[in-house]
Amino acid sequence: MDRGRPQIEKGKHSFSFQDFFKLINRVHPKYWQLIVGILAGLIATGANLIVPQFAQRIINNFKHLNINLVIITGIVFFGGVIISALSGYILGVFGEHVVSKLRDSLWARLLKMPVSYFNNTSTGEISSRLVNDTSQVKNLLANTLPNAITSLLQFFGAVVIMFMMDWQMSLIMVLAVPLVIFVLLPFMRLSGKIGRARQDELAKFSSDSTNVLSEIRLVKSSNSEKKELATGTKRIAKLYAIGVKESWINSLMQPISNMLMMILVIGILTYGAIRVMQGTLTMGALISFLMYLFQLMGPVIIISQFFNELAKTSGSTERIGEMLNEPIEVSADNQKVDIAGKELKLQNVSFSYEKGKQILHDINVSAKPNTVVAFAGPSGGGKSTIFSLIERFYKPISGKITIGGQNIEEIDLTDWRKQIGLVGQNSSVMPGTIRENLVYGLGRKVSNDELWHVLKMAYADKFVKEAEDGLETQIGERGVKLSGGQRQRIAIARAFLRDPKILMLDEATASLDSESEAMVQKALASLMKNRMTLVIAHRLSTIVDADKIYFIDHGTVSGSGTHDELVKSTPLYAEYVHNQFKK
């Protein structure tokens, strides 16, 4: 599980519109949609403000009903509803476009980030940022912000019209509404706080569940179902506790809100009725005032929720911004160099994954074209790290790696990796078909004949033909429908297809049974012909047959030469060979 890995920091700073729109501007949104949507919303709000005025006239002149006025009122009312719906649709499209572009940018950035980023960041946490945080940004931009703008117009528009109609009634309502909000404000703040806690806990639960399910075989083989059940139950219990708090707040807020509204309406009606009986206020004006009262309450609640949304989006904006500002893999130059027939050298290379914890110390290695260079040594000595540096997953902290005398950092990264083939101990495969895995990342069309040819060279054609769907056989997530030997032979066939200039074998037969190992070894022997091959040695025959061997121990080269030379010159190597291969 990745639970020990650092997670993306939760946002703790206050909301900044400058940072928010700086983030949005990175995806070049269609601001005309936002403007049109808000303008349409303002027109709909204007229609809502006019309707109570028409209603007042209709009620005051009910005995001499003006049909034209009724028709106009209906047109304005339903027109406002239609324009409001149109506004919502335009803003929805705008929000979806922004979140789509934002996710595109994040996804493109993630794929270009160095391997070190993924070593230090939980996969589940990244997924949460990619899905949940972008949705939160969209919600603020497409819903909450436009609603707040139209609500402000509705609030101040209603207040101005009411004061123009009757300042005494208006004063009562303007004083009463803030009083209602003042009573509800603690509930709103608590609700916002709980909402943020729920979002953070959901992110943690999403991260944990992703990590556990991705390693479900490890969970089952380790009999850790009870442990993971207990951990998951704790997370779910926390979410439940937060949900109960939220339900409690909502259950109090709703009846209190209704009660206060009822008191306010009864108070306005009572005072209005007295004014009507006194002849200082018309019935139509009273009904109009009540309509404006409801138009006042909505905006106040929306604006108060707006600040809660700002608090939530602040963290999302910060986390997305951090991800988009992470450094990506880049080449110092974009030179495309054919590396065939050139010597590979590691010159005084040192490396550390973490500051102060050096893994490699002044490594010097030379590999000539069309030779087999083996790396041997105890586990954890740094052999796989050397391979990672050659693949340019990481950069040395000192020294350099050259090909034909040229620093590999000066070569275009894509071009460099295109000329390298890696077959690892647990060959990585993607969910999909055998065909899709063979041509993965190849960038050119491949005929069936060519695919069957490389499968035959990798001794994989037999089991692929026996599969029900042949090349179209689904191999499952992480290739679970294939055996370890079959996965390795698919990886070797893929390497044949790429025809790499440098072949790297990272203990490619270490985890296989004897039958599978023999098949894979034959395929590797064929693949290694006429190309530079770097091998992390597992089998004695590989070490003995290598043109040169580097013995790596505790991040240093303890000795180099042929097998016989090292047995004589390097006691550590002789002891290693004796212990590993019982020689």
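Reading the values: the criteria
Residues numbered from 1 in each chain as written. Predicted model: local features only at pLDDT ≥ 70, side-chain atom pairs only at ≥ 80, totals over all residues. Heavy atoms only, no water. Axes fitted to C-alpha atoms, helices over the stretch in contact; angles between N-to-C directions. Helix = DSSP H or I, 4+ residues; strand = E, 2+ residues; numbered from the N terminus. Parallel < 35°, antiparallel > 145°, perpendicular 65-115°, else oblique. Nonpolar A, V, L, I, M, F, W, Y, C, P; charged D, E, K, R; others polar. Contact = heavy atoms within 4.5 Å. Buried < 20%, exposed > 50% of the residue type's maximum accessible area, 1.4 Å probe, protein only. Pairing = 2+ DSSP bridges. Left-handed = near helix turned anticlockwise from the far one by under 90°. Salt bridge = Lys/Arg side-chain N within 4 Å of Asp/Glu carboxyl O. pLDDT = per-residue confidence, 0-100. Phe/Tyr/Trp six-rings, centres within 6.5 Å; stacked < 30°, edge-to-face > 60°. Lys NZ or Arg CZ within 6 Å of the ring centre and 35° of its normal. Expected span 1.5 Å × (residues − 1). Bend = angle between axes of the 7 residues up to and from the residue.

### Details of the packing of helix H6 (residues 167-214) against helix H8 (residues 225-278)
Here's step 1: Their axes nearest at 10 Å, the elements H6 and H8 cross at an angle of 170 degrees. Here H8 runs roughly antiparallel to H6, going by the angle between their axes.
Here's step 2: Classifying every residue of the contact of H6 with H8 by side-chain character gives 27 nonpolar, seven polar and 10 charged.

### Let's talk about the side chain of Arg275
Here's step 1: Its location among the elements puts Arg275 in helix H8.
Here's step 2: Beyond its immediate stretch of four places on either side in the chain, Arg275 contacts Asp166, Gln168, Met169, Thr280 and Leu281.

### Concerning the pairing of strand E8 (residues 532-536)
Here's step 1: Counting buried positions along E8 gives five out of five residues, so the element sits mostly inside the fold.
Here's step 2: Residues Met532, Leu534 and Ile536 of E8 are buried on one face, and the alternating residues Thr533 and Val535, pointing to the opposite face, are buried as well.
Here's step 3: One ladder, built from four bridges, connects strand E3 (residues 372-376) with E8; its direction is parallel. The partner of Ala374 across the bridge, within E8, is Val535.
Here's step 4: Bridge analysis of strand E7 (residues 502-506) against E8 gives five bridges, and the strand direction is parallel. The partner of Asp506 across the bridge, within E8, is Ile536.

### Some points on the sheet that holds strand E10 (residues 556-561)
Here's step 1: One open sheet accounts for six strands, arranged E6-E7-E8-E3-E9-E10; its pairing is mixed. Of all strands in the sheet, those bounded by a partner on one side alone are strand E6 (420-423) and E10. Put simply, the sheet's adjacent strands are angled 15 degrees from each other on average, direction ignored.
Here's step 2: Here helix H10 (residues 383-390) sits on the sheet and contacts E3, E6, E7, E8 and strand E9 (548-553); the angle it forms with E8, its principal contact strand, is near 145 degrees.

### Description of the packing of helix H2 (residues 31-60) against helix H5 (residues 123-165)
Angle between the axes and distance between the axes are the two parameters that describe a pair of packed helices.
Here's step 1: Contact pair H2 / H5: the axes reach a minimum separation of 9 Å and the direction vectors enclose 30 degrees. One element, H2, and the other, H5, form an angle in the roughly parallel class. Considering the relative orientation of H2 and H5, their crossing is right-handed. Contacts between H2 and H5 involve Leu34, Ile38, Gly41, Leu42, Thr45, Asn48, Leu49, Gln53 and Gln56 on the former and, on the latter, Leu141, Pro146, Ile149, Thr150, Leu153, Gln154, Gly157, Ala158, Ile161 and Met165.
Here's step 2: Of the residues contributing to the contact of H2 with H5, the split by class is 11 nonpolar, eight polar and no charged.

### Details of the pattern of salt bridges
Here's step 1: According to the stated counting rule, one finds 13 salt bridges in the structure shown.
Here's step 2: A salt bridge links Arg235 to Glu201; the nearest nitrogen and oxygen atoms lie 3.0 Å apart. In this pair, Arg235 sits in helix H8 while Glu201 sits in helix H6, placing the two residues 34 residues apart along the sequence. Accessibility classification places Arg235 together with Glu201 in one group, the buried group.
Here's step 3: A salt bridge links Lys501 to Asp338, with the shortest nitrogen-to-oxygen separation between them at 3.0 Å. In this pair, Lys501 is assigned in the loop between helix H15 (484-498) and E7 and Asp338 in the loop between helix H9 (283-324) and strand E1 (344-354), connecting sequence segments 163 residues apart.
Here's step 4: Under the relative-accessibility criterion, Lys501 is labelled partly exposed at 31%.

### Focus: the sheet that holds strand E4 (residues 398-403)
Here's step 1: Read from one edge to the other, the open sheet built from four strands follows the order E2-E1-E4-E5, with strand pairing classed as antiparallel. Two strands close off the open sheet at either side, each with one partner strand: strand E2 (357-367) and strand E5 (406-407).
Here's step 2: Strands E1, E2 and E4 of the sheet are contacted by H10, whose axis makes an angle of about 110 degrees with E1.

### Regarding the confidence of the model for the protein
The predicted coordinates ought not to be read in detail in places where the model reports low pLDDT.
Here's step 1: Scored by pLDDT, the protein comes out at a mean of 81, with 93% of its residues at no less than 70.
Here's step 2: A low-confidence stretch, residues 1-12 stays under pLDDT 50, and its non-local contacts, those more than four residues away or across chains, total 42 contacts.

### Looking at the packing of aromatic side chains
Here's step 1: Evaluation of the coordinates by the stated rule reveals 12 aromatic pairs.
Here's step 2: Their ring planes at 90 degrees and their centres at 5.4 Å tell us that Tyr117 and Phe118 sit as a pair that is edge-to-face.
Here's step 3: Through a chain of ring-to-ring contacts, three or more aromatic side chains come together here, namely Phe351, Tyr353 and Tyr394.
Here's step 4: In this arrangement the basic side chain of Lys465 is found over the ring face of Trp452, its NZ or CZ atom lying 5.7 Å from the centre.

### A word on H5
Here's step 1: Here H5 is 43 residues long and its end C-alpha atoms lie 60 Å apart, about the 63 Å a rise of 1.5 Å per residue gives.
Here's step 2: Of all the bends in H5, the greatest, near 40 degrees, is centred on Leu140.

### Quick look at unusual backbone geometry
Here's step 1: Backbone geometry at Asn530 places phi at a positive 60 degrees, although glycine is not the residue there.
Here's step 2: You can see Asn530 is positioned in the loop between helix H16 (514-527) and E8.
Here's step 3: A positive phi angle, close to 50 degrees, is found at His554, a residue other than glycine.
Here's step 4: Residue classification places His554 among the exposed residues on the basis of a relative accessible area of 66%.

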